[in-house]
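Observations on chain architecture
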Amino acid sequence: MRRRVQSLLVPAAVALLLALSLAPGCNDNGPSGDAITTEIVATYTADAAPTEGSVTLQEGEATSSSDTFNVQIVVMGVDDVSAVTFLVTFNPYLLDFVGADFSGCFLAEGLADPGTELEADALDGGDYVDVVASRIGDDLGGVSMEPTDQGILGVLTFQAILATTVLPELAIEDITVKVCTEGGTCEYRDVTVAGGTVSVD
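Below is a summary of the structure that appears in this document. (Residues numbered from 1 in each chain as written. Predicted model: local features only at pLDDT ≥ 70, side-chain atom pairs only at ≥ 80, totals over all residues. Heavy atoms only, no water.)

We now examine the sheet that holds strand S11 (residues 192-194). Where strands meet in a sheet, backbone hydrogen bonds hold them as pairs that are either parallel or antiparallel. The strand order across the open sheet built from five strands is S5-S8-S3-S2-S11, with neighbouring strands paired in mixed fashion. Each edge of the open sheet carries a strand with a single partner, namely strand S5 (95-101) and S11. Neighbour-to-neighbour, the strand axes of the sheet open up by a mean angle of 25°, direction not taken into account. Looking at chain direction, strand S2 (residues 54-59) and S11 are connected through three bridges and run parallel. In the strand pairing of S11, Val-55 is matched with Val-193. (Pairing = 2+ DSSP bridges. Helix = DSSP H or I, 4+ residues; strand = E, 2+ residues; numbered from the N terminus. Axes fitted to C-alpha atoms, helices over the stretch in contact; angles between N-to-C directions.)

Right, dumping it as structure tokens:
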């Protein structure tokens, strides 16, 4: 007789536990039982506006996700510019490099075949992005620019990993800018650079 009582109690206990597990407010994820998510909002602010003879990182177009942001690489007033290479350094504990877009690179201007006459890429180094944009062949010459002309070299996309009161920085380092006149006379030009900071909420 005791064995039959036990067999009746087991299903009742299982049903009770199941009901408790489904009841609202019985877990740590909020009263509805849904997981609590925190939306990260990242905003990039340039340290300086473009000026004559500069390469700067400016705010790009908005992305579809609040935790990602675009940064435009802007060259201003560097006449006959043919190649630009540099590193963009960042804190890998706070930011991730997502990718780059060079489809609108102004160094392609005037090239008969940009597919073979232009090299443009951004390689992820973990805590830096190695940016290379160059017209292939010194005899092609560079792109003519007036002092107030601006050209977009490319667009870099980053993602904020976590909300923080620290302002992550993007900085330009080890920059080399080559200018070439048509016919193959080239030299390296000094430029001013500016990065920016990211607020993450």
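Tracing the sequence through the fold places Thr-185 in strand S10 (residues 185-188). For the pair Thr-185 and Asp-138, spaced 47 residues apart in sequence, the C-alpha to C-alpha distance is 7.4 Å. Once you skip the residues sitting within four places of it in the chain, Thr-185 turns out to touch Val-179 and Cys-180. (Contact = heavy atoms within 4.5 Å.)

The subject of this paragraph is the nonpolar core. If you look at the biggest cluster of nonpolar residues, it comprises 41 residues, and the most contacted ones within it are Phe-158 and Leu-170. In contact with Phe-158, not counting residues within four places along its chain, are Asp-67, Thr-68, Phe-69, Val-71, Val-88, Phe-90, Asp-96, Phe-97, Val-98, Val-129 and Leu-170. (Core = buried A, V, L, I, M, F, W, Y, C linked by side-chain atoms within 4.5 Å. Buried < 20%, exposed > 50% of the residue type's maximum accessible area, 1.4 Å probe, protein only.)

As a further point, take the pattern of salt bridges. Scanning the entire structure with this criterion turns up one salt bridge. In this structure, the salt-bridge partner of Arg-189 is Glu-187, at a minimum N-O distance of 3.7 Å. Residue Glu-187 is classed as partly exposed on the basis of its relative accessible area, which comes to 45%. (Salt bridge = Lys/Arg side-chain N within 4 Å of Asp/Glu carboxyl O.)

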